[in-house]
Amino acid sequence: MKKILTILSVVLTACATGNPGEGDTGRIQIDLAERGHAVPESMYGIFFEEINHAGDGGLYAELIQNRGFEDSTVPEGYRLEGGELRPPALPNHLTGALPSPDMKLRWNTAEIPAWTLQQTAGSGASMYLNREYPLDPATPTALCVALPTQSRTTVTNSGYWGIHIEKGKNYRLVLYTSNIGRFKGDVTVRLISENGSELCSHRIDAGTGKAWKRHDATLTPTDSDSRARFVIELDGQGTLLLDYVSLFPQETFRNRENGLRRDVAETLEALHPAFIRWPGGGIVEGITLSNRVKWKETIGDPVKRPGQYNLWGYRSTYGFGYHEFLQFCEDIGADAMFVCNAGLGGQAAVGDACPEEELDLFIADALDAIDYALGDGTTDWSRRRVENGHPGPFPLKYVEIGNENWGPVYEKRYDRFYKAIKTKYPQLTIISTLGFGEQHRHEKVDLIDPHMYVSPEFFFEGARMFDGMERGQYGIYVGEYAVTQNVGDGNLLGALAEAAFLTGAERNCDLVRMTSYAPLLTHVDDRAWSPTLIQLDAHRITGRSSYYVQQLFAHNRPSYNVKNVFGQPSVSVEVRGRIALGGWNTDNEYRDLKITLADGRTVEADMSQGWKPQSGTWTTSDGSLKGSGPDVVRRNLWNTAEPFGDCTITLKARKTAGAEGFLVYFGMQDEQHGYVLNIGGWNNRSTAFQRVSDNDTPIIANYTAQQIETGRWYDIRIDIEGGHFTYYLDGKKSLEVYADTTRRFIATGYDDRTGELIVKFVNAAPDRFSATIDLAHVSNVERLGRVVTLSSQNPTDENSLDDPRKVFPVENCYDGFAEKFNYVFEPWSLTVLRIRTKIKQPFTPENNKTQQ
Ligand code: AHR
């Protein structure tokens, strides 16, 4: 048995007993002389978006919610109907369609969110919003507290579902008052614990005049509480206006003013992100253009920042703005990626577009943002940066044009942004939001940014998705990805699928240059999206298992890949079942369906009989089978006596109307189990094989860009061989995938900085996996090395604020590495082996010379 020394005192595990023959056995050969691509420093970054209170109530350290009383402001052009927010009826620039009448957005129906009034019975005191005497034109709303009779009245702020206060620490208060209504009496602010006891208090002199007066104070609570409240007490008579009520811990990340919550910023820093993408995500586009993020409104004095209602159902303060984002990047040594708007409102929402003649304004706005970050301090916007306290440039390295935009309007607009930015800033990397295979639609592309929110199967089966992908004049930045389906709130299974995907990305790092998981943060008391990488509440924070996967990959990024050959007991996938034809919201005709079996025999379908419609309306005429609505999914089963195994399917198909392309089902064991080739799916943009599995249809990666024209006959061919599917359209090979069920993945590389071989291994199976690891071209392999294991008993195990270390990496010192050794990988695990060794160069005439 190998000896294991525990480095982290927490856990001494029973792992790596080196018991050969236990569970499946495999062989991993790693040749250190077979050097692969350099793994770019940019490989692992993070994506920050104001979603689920990631900023306000999360990273941004402000403790008062709705500090400027702007939260109930209905966004420009929107309307409230029965407590629900409706977007304006603007046409989608691709389809011309108006937003569906059912489109409604999350809205907080509280009259003044996060604030409540407590009055003495019968005093007649009230609070209401007032827009007649703004503190600043950009933030027009103030809170009016009226005490018509002499009384004691309090207004209370709940914070972001509690205010976390620590005994003896200092908290900075800023508050504005306007004594517009001749209030006479005392004004006192207090922090009150959850059970009502006073933690500290401070008297304010509201003065006498109408002019706004700023009050600054430091509060030092006498006790700690995580669900404290902030109270303003008025004891007197008259009317007082309040605005910008702000409370910050004095200790913020790097102790910056208007700064960041320390524990949150440190949790992000601990990921060692190479870059940060900001500000979104969907909020870059807005629901409509009018409520996109406008970066110029996010800089300067926070009092004057208007904030904006966002796609995720609440108004953000813009407190964590462009400057704070750039500063955070600099503070943690990350490069900055700014995402600008391409003159397009959220295409997945309303999808309006600015008129073509206004596009220059959007391009100029993006150039101004770059100037703010990079200018020398003498230009318009870089001067503003200097005024805001940062004389030198910020580390801006990437600019993305839009978010999740596609279609001809975007394709051309991107070209204009690209030219304008590259002419002035050739050093910047420009990113397009088009997906795989679509990049040729631009004149020039540095990186494309496909997004993937998928099932575990997608990433397990898609760990190979980049292997055969075309290499060209562009790279890939997977800017948003996560397992979001069937993994609860983010469990170990999802994390292991993401790890599997990353082994493929790292192996293909000549093509995949950057990745960032999404979304990043959730305040558990108000979420619009799940899962995310990190959860928090007013005082706690925890990484989900996916967080540790990100951390392990970023901390164990090799300098370059080395080749491995991974042999394991093969699992053959048997595909056997019937064939069906269909369409998704699309009317299609099919004919000449023929099956060629593995032994060469052929079976031809009679399109007029032997069919069993499962949904939609089906007719036959002129040798064609025709499917139409009213069902969205149309499906007709070829009811053959026997199912088909490995075979080649050929047929002709024509779309006559509708949104997408063709559905060809095969290997259908029953209505709910089998496979489908979805041709021109996803709004007629892509083609992919999908597994039909109960009511789920995970994509079997890879997929390819493809559009189906109406009225044209296509020749379709699918080869099915042992779980290996190849698809041809009009005789041209379009897609090839493996329906692989073996869930073990490996990435190997060498770290020049430490002289270590790094092996990352995913065993997403219920059994231990024993492997012989054979190292070639090595010398001086040190027996003693490090092993980090992320695993848990059940793949469904999740971390939560109450159970933050259920799935947690354990680091051990391993005493058993050698040129050939055996290692047993834990069930449901990601394991990182760090083996110190020298590389023995193979004999070549060149090496021989240098060695002499
Ligand atoms: O990450 C959450 C959202 O998912 C992003 O805002 C958007 O880009 C994507 O659809």
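Cut-off values and rules
- Residues numbered from 1 in each chain as written.
- Predicted model: local features only at pLDDT ≥ 70, side-chain atom pairs only at ≥ 80, totals over all residues.
- Heavy atoms only, no water.
- UniProt positions renumbered as here; feature names shortened; annotations may be inferred.
- Salt bridge = Lys/Arg side-chain N within 4 Å of Asp/Glu carboxyl O.
- Buried < 20%, exposed > 50% of the residue type's maximum accessible area, 1.4 Å probe, protein only.
- Core = buried A, V, L, I, M, F, W, Y, C linked by side-chain atoms within 4.5 Å.
- Helix = DSSP H or I, 4+ residues; strand = E, 2+ residues; numbered from the N terminus.
- Contact = heavy atoms within 4.5 Å.
- Pairing = 2+ DSSP bridges.
- Axes fitted to C-alpha atoms, helices over the stretch in contact; angles between N-to-C directions.
- Near = heavy atom within 4 Å.
- Polar contact = N/O pair within 3.5 Å; in protein donor to acceptor, adjacent residues only side chain to side chain.
- Areas by Shrake-Rupley, 256 points an atom, 1.4 Å probe, with all protein chains shown as cover.
- Nonpolar A, V, L, I, M, F, W, Y, C, P; charged D, E, K, R; others polar.
- Arc of directions from axis to C-beta.

The name given to the protein in an unreviewed UniProt entry is non-reducing end alpha-L-arabinofuranosidase, with the source organism recorded as Odoribacter splanchnicus. As its UniProt record puts it under Sequence similarities (unreviewed entry), the protein is described as follows: "Belongs to the glycosyl hydrolase 51 family." UniProt's Catalytic activity (unreviewed entry) comment on the protein is quoted here verbatim: "Hydrolysis of terminal non-reducing alpha-L-arabinofuranoside residues in alpha-L-arabinosides."

1. Quick notes on the pattern of salt bridges
One pass over the full model with this rule turns up 62 salt bridges. For the salt bridge of K169 with E166, the shortest nitrogen-to-oxygen distance reads 3.2 Å. Given the relative accessible area of 31%, E166 is considered partly exposed. Taken together, the shared-partner salt bridges connect R79, E81, E84 and R86 into one network.

2. A closer look at the nonpolar core
Within the largest apolar cluster, 117 residues are counted, with the highest numbers of intra-cluster contacts made by Y322 and M452. For this core, the leading source of residues is helix α8 (residues 492-507), giving 10 residues. Other than its neighbours up to four places away in sequence, Y322 contacts W278, W295, T298, I299, F338, A369, I370, Y372, A373 and L396. Formed by 38 residues, the second largest nonpolar core is a distinct cluster that contains W618, C647, L677 and L735.

3. A few points about the sheet that holds strand β25 (residues 521-523)
The sheet built from 3 strands is open, its strands ordered β25-β26-β27 with mixed pairing. Both outer strands of the open sheet, β25 and β27 (541-543), are each paired with one neighbouring strand and no more. Each neighbouring strand pair of the sheet contributes to a mean axis angle of 20°, computed without reference to strand direction. Here β25 runs beside strand β26 (residues 534-536); their pairing, made up of 3 bridges, is parallel.

4. Focus: the site of the ligand
Residues in contact with the ligand amount to 13 residues; listed here are only the nearest, E49, G282, E404, Y453 and E480. Here an oxygen atom of the ligand sits 2.8 Å away from a polar atom, N or O, in the side chain of E480. Relative to its free-state accessible area of 280 Å², the ligand is covered by the protein chains to the extent of 91%. Taken together, the residues that form the shell around the ligand break down as 7 nonpolar, 3 polar and 3 charged.

5. A look at the pairing of strand β42 (residues 724-729)
Extensive coverage of β42 is indicated by the burial of 6 of its 6 residues. Judged by which residues are buried, β42 turns out to be covered on both faces: H724, T726 and Y728 on one side and F725, Y727 and L729 on the other are all buried. Hairpin connection of strand β41 (residues 713-721) to β42: 2 residues between the antiparallel strands, including G722 at a positive phi of 55°. As defined by bridge partners, β42 adjoins strand β43 (residues 732-738) across 6 bridges and the pair is classed as antiparallel. Within β43, the position partnered with F725 by the bridge is V737. The antiparallel pairing of β42 with β43 creates a hairpin that spans 2 residues between the two strands, and D730 there sits at a positive phi of about 50°.

6. Description of helix α5 (residues 380-387)
Residues lying three or four places apart along an α-helix face the same way, a consequence of the helix completing one turn every 3.6 residues. Those residues of α5 that sit buried are W381, S382 and R385. The buried residues of α5 all sit within an arc of 100° when viewed along its axis, so they share a single face. Facing away from the buried surface of α5 by more than 90 degrees, the exposed residues are D380 and E387. Elements that come into contact with the buried residues of α5 comprise α3 (322-332) and α4 (359-374). In the stretch just after α5, G389 is the one whose phi turns positive, near 100°.

7. Some remarks on α3
Most of α3 is tucked away: 10 of the 11 residues are buried. Tucked inside the fold, the buried residues of α3 contact α1 (262-269), β14 (275-278), β17 (335-340), α4, α5 and β18 (396-401). Following α3 by one or two positions, G333 adopts a phi angle in the positive range, close to 70°.

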